[in-house]
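Here is how the chains run, residue by residue.
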Amino acid sequence: MWAFIHKLGSPKWFYAISARLLPWLWVAAVALIVTGSIWGLLYAPADYQQGNSFRIIYVHVPAAFLAQSVFVSMAAAGLVFMVWKIKVADMAAAMMAPLGACMTFVALFSGAVWGVPTWGTWWQWDARLTSMLILFFLYIGVIALRGAFTSRDAGARAASVLALVGVINIPIIKYSVDWWYTLHQTASFTFTSRPAMPAQMYVPLLLMVLGFYCFFIALTLTRTRTEILRREGSKRWVRQLVEGRL
Amino acid sequence: MNAKRKQKLYIILALVGLAAVAVGLALFALRSNINLFFSPIQIAEGKAPIERQIRAGGMVREGSVERDLDSLDVSFTVTDYIEDVEVRYSGILPDLFREGQGVVVVGSLQPEGWIRADQVLARHDENYMPPEVAEALEASGYSPADYKEKAEEVSKRVEDNAASTQN
């Protein structure tokens, strides 16, 4: 196990191992998202109160899950980079940030669109909505901070520190609906308890969540591979690889 | 792990821990400002300012909604089932506004103890279900809010209903 993790830290090994995983991950992501979307949007029953606007859940919840998971992964990669000086971890963290920012935006936007017909407002400064907006700004901050240094190493360290400190926001987002009075309701769908909806509604949601996670892993691996080639362009194995293909 | 890396790991974790404590204390100090609304208990205790814009939240008491026949005026009682506060509003209510459902009203508390609402927002609980499940719950004497505890108990009734509508 440890040997495997150590090997992953080497760009060459990472490049080789990810090549074997990637086709499976991409196929799983596309299959799960396509099945989940069609099932959720066409075949799942409408909600007894909200009717069809309930179907926004099939985008909103997976996007919100990813928004938080990507941030935690980014911070974990930052910690690995800071403590063990593993370059691949920093490349992965850099590649995750834009996806996380996009997912946070999707969660905020789909939530606003959903809020208009159900709550009667698209925005309130409630603890869940505000902490999610802060997460979006943290992503923007991590991306900007990385680019603000001329030395790549200094930018990587600054971005890692911000990501690690920003992780404090994640439990605040998760528990905001329990700790304070909010407009947002408590969680309907978690991995730890029975969902607050029947199977014909939550199975497509589960497929969408798993599909989004596969998409996240597949996209991060693909982008990290490209980044490895870019940063390690002067290494012999990269040159051999490129020449061999040309 | 060598000693230098271990030390670095501990320093980083300690810094994150300290930052978490600082944020936690700040949020604890600001807790009343982070709450989106005052509950009827807090209003009864006099914690909400009078004649300034506030938000109040709770459930719409069953049977309390009175609509004026000639205008959009409506009055209802917001309750946490301990204390009540009366709300008067003139305007269109959101689609999910229902008796027994959560609501957040934006408005000002009058000295007489009722709220003049400028905006009424509907809250939604975490339960989603198709209409036949909601009907089955209600037919068994529960509310759709009891979904998590009671769904299995009434699932047979849902299946029977589905079978009878197909025949």
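Our structure is the block above this text.
Computed from a predicted model, the values in this text were never measured in an experiment. (Residues numbered from 1 in each chain as written. Chains lettered and ligands numbered in written order. Predicted model: local features only at pLDDT ≥ 70, side-chain atom pairs only at ≥ 80, totals over all residues. Heavy atoms only, no water.)

## Details of the overall build of chain B
We apply this condition: By the criteria applied, helices consist of DSSP H or I runs no shorter than four residues and strands consist of E runs no shorter than two, each listed in order from the N terminus. We compute the radius of gyration over the C-alpha atoms and compare it with the globule rule, which gives 2.2 Å times the number of residues raised to the power 0.38. What makes two residues a contact is simply this: any of their non-hydrogen atoms within 4.5 Å. Residue exposure ignores everything except the shown protein chains as possible cover, and the areas themselves are Shrake-Rupley values with a 1.4 Å probe. The convention is simple: Lys and Arg are positive, Asp and Glu are negative, and His and the chain ends are not counted. Note on charges: their place is set at NZ of Lys, CZ of Arg, CG of Asp or CD of Glu.
Looking only at helices and strands, chain B features five helices and six strands. In chain B, the order of α-helices and β-strands from amino to carboxyl end is α-α-α-β-β-β-β-β-β-α-α. Computed over the C-alpha atoms, the radius of gyration of chain B is 24 Å, more than 25% above the 15 Å expected from 2.2 N^0.38 for a compact globule of 167 residues. The dimensions of chain B, computed from C-alpha atoms along their principal axes, are 75 × 55 × 25 Å. For chain B, the proportion of contacts with a sequence separation of at least 24, taken over those separated by at least 6, is 43%. When the accessible surface of chain B is summed, it comes to about 9800 Å², and 51% of that surface belongs to carbon and sulfur atoms. With 18 positive and 26 negative side-chain charges, chain B shows a separation of 17 Å between the mean positions of the two kinds.

## A closer look at helix α1 (residues 3-29) of chain B
Applicable threshold: To estimate how far a helix should extend, the number of its residues minus one is multiplied by 1.5 Å. Between buried and exposed lies partly exposed: a residue is buried under 20% and exposed over 50% of the maximum accessible area for its type, with that area taken using a 1.4 Å probe on protein chains only. Here a polar contact is taken to be a pair of N or O atoms separated by no more than 3.5 Å, where protein atoms must pair a possible hydrogen donor with a possible acceptor and residues adjacent in sequence count only if both atoms sit in side chains.
Over its 27 residues, α1(B) runs 39 Å from end to end, which matches the ideal 39 Å to within 8%, given 1.5 Å per residue. Those residues of α1(B) that sit buried are Leu9(B), Ile12(B), Val16(B) and Leu27(B). Turning to α1(B), the residues buried within the fold contact α3 (57-84), α6 (152-166) and α7 (169-179) of chain A together with α2 (31-34) of chain B. For α1(B), the capping residue at the N-terminal end is Asn2(B), with a side-chain oxygen 3.2 Å from the backbone nitrogen of Lys4(B).

## Some remarks on the packing of helix α5 (residues 127-147) of chain A against α6(A)
Residues and elements named next belong to chain A. Cut-off, in case you're wondering: To define axes, lines are fitted to C-alpha atoms, for helices over the stretch in contact only, and angles between the resulting N-to-C directions are given on a 0 to 180 degree scale. Oblique is the label for any angle not under 35 degrees, not over 145, and not in the 65 to 115 range, which are roughly parallel, roughly antiparallel and roughly perpendicular in turn. Each crossing gets its handedness from the near helix: less than a right angle anticlockwise from the far helix is left-handed, clockwise is right-handed.
Remark: α5 packs on α6, axes separated minimally by 8 Å, with the N-to-C direction vectors making an angle of 165°. With respect to each other, α5 and α6 are oriented roughly antiparallel. The two elements α5 and α6 cross, and the hand of that crossing is right-handed. Contacts between α5 and α6 pair Leu138, Gly141, Val142, Leu145 and Arg146 from the former with Gly155, Ala156, Ala158, Ala159, Leu162, Ala163 and Gly166 from the latter.

## Side note on the interface of chain B and chain A
Put simply, the test is: Buried area: the accessible area, evaluated with a 1.4 Å probe, that two parts lose upon being put together, summed over both parts. Whenever Lys or Arg places a side-chain nitrogen within 4 Å of a carboxyl oxygen from Asp or Glu, that contact is recorded as a salt bridge.
Between chain B and chain A, the contact holds 43 residues from the first and 44 residues from the second. When the two sides are added together, the surface that chain B and chain A hide from each other amounts to roughly 4000 Å², 60% of it contributed by carbon and sulfur. On the chain B side of the contact with chain A, Leu36(B), Tyr128(B) and Lys148(B) bury the most area, a combined 18% of that side's loss. There are zero salt bridges connecting chain B and chain A. Linking chain B with chain A are 14 residue pairs in polar contact (both at pLDDT 80 or more), by the criterion used here. Of all the elements in the fold, those that place two or more residues in the side of chain B that touches chain A are α1, α2, β6 (115-122), α4 (131-139) and α5 (147-166) of chain B.

## Focus: the nonpolar core
Selection rule: Nonpolar core, defined: a set of buried Ala, Val, Leu, Ile, Met, Phe, Trp, Tyr and Cys residues in which side-chain atoms within 4.5 Å join the residues together.
Ile57(A), Tyr58(A), Met74(A), Met132(A), Leu135(A) and Leu205(A) are the most contacted members of the largest nonpolar core, which has 63 residues in total. Every element with two or more residues in this core is listed here: α3, α4 (87-118), α5, α6, α7 and α8 (199-231) of chain A together with α1 of chain B. Residue contributions to this core peak at 17 residues, all from α3(A).

## Quick word on the environment of Ala19(A)
All names here are of chain A. Residue placement: Ala19 occurs in helix α2 (residues 11-43). On the basis of relative accessible area, Ala19 is assigned to the partly exposed category, the value being 36%. For the pair formed by Ala19 and Arg225, sequence separation is 206 residues and the distance between their alpha carbons is 8.7 Å.

## A short note on α3(A)
Here α3(A) contains 28 residues, and its C-alpha end-to-end distance of 40 Å stays within 8% of the 40 Å for a straight helix at 1.5 Å per residue. Where burial is concerned, most of α3(A) is hidden: 22 out of the 28 residues are buried.

## So, the side chain of Ser64(B)
Residue and element names in this part refer to chain B. Relative to the elements of secondary structure, Ser64 occurs in the loop between β1 (53-60) and β2 (66-67). By relative accessible area, Ser64 is classed as buried at 12%. A polar contact of 3.0 Å, which involves the side chain of Ser64, links it to the backbone nitrogen of Thr77. Apart from residues no more than four positions distant in its own chain, Ser64 is found in contact with Ser75, Phe76, Thr77 and Glu99.

## Details of empty space enclosed by the protein
All names here are of chain A. Cut-off, in case you're wondering: Space inside and on the surface of the protein is sampled on a 1 Å grid over the protein atoms alone, with a cavity defined as a set of points where a 1.4 Å probe fits but cannot get out and a pocket as an open set with protein on both sides within 12 Å along at least 5 of 7 lines; lining residues have an atom within 4 Å of a point. Grid points are joined across faces, edges and corners, and a volume is the space filled by probe spheres set on the points. Three classes are used: nonpolar for Ala, Val, Leu, Ile, Met, Phe, Trp, Tyr, Cys and Pro, charged for Asp, Glu, Lys and Arg, and polar for all others, with Gly counted as polar.
The full count for this structure, using the stated rule, is one cavity of 30 Å³ or more. Roughly 30 Å³ of internal volume is contained in the largest cavity. Lining the largest cavity are Met74, Ala93, Val142, Arg146, Ala159, Ser160 and Ala163. At the level of secondary structure, the elements contributing two or more residues to the lining of the largest cavity comprise α5 and α6. It is α6 that provides the largest number of residues to the lining of the largest cavity, a total of three residues. In the lining of the largest cavity, the residues fall into five nonpolar, one polar and one charged.

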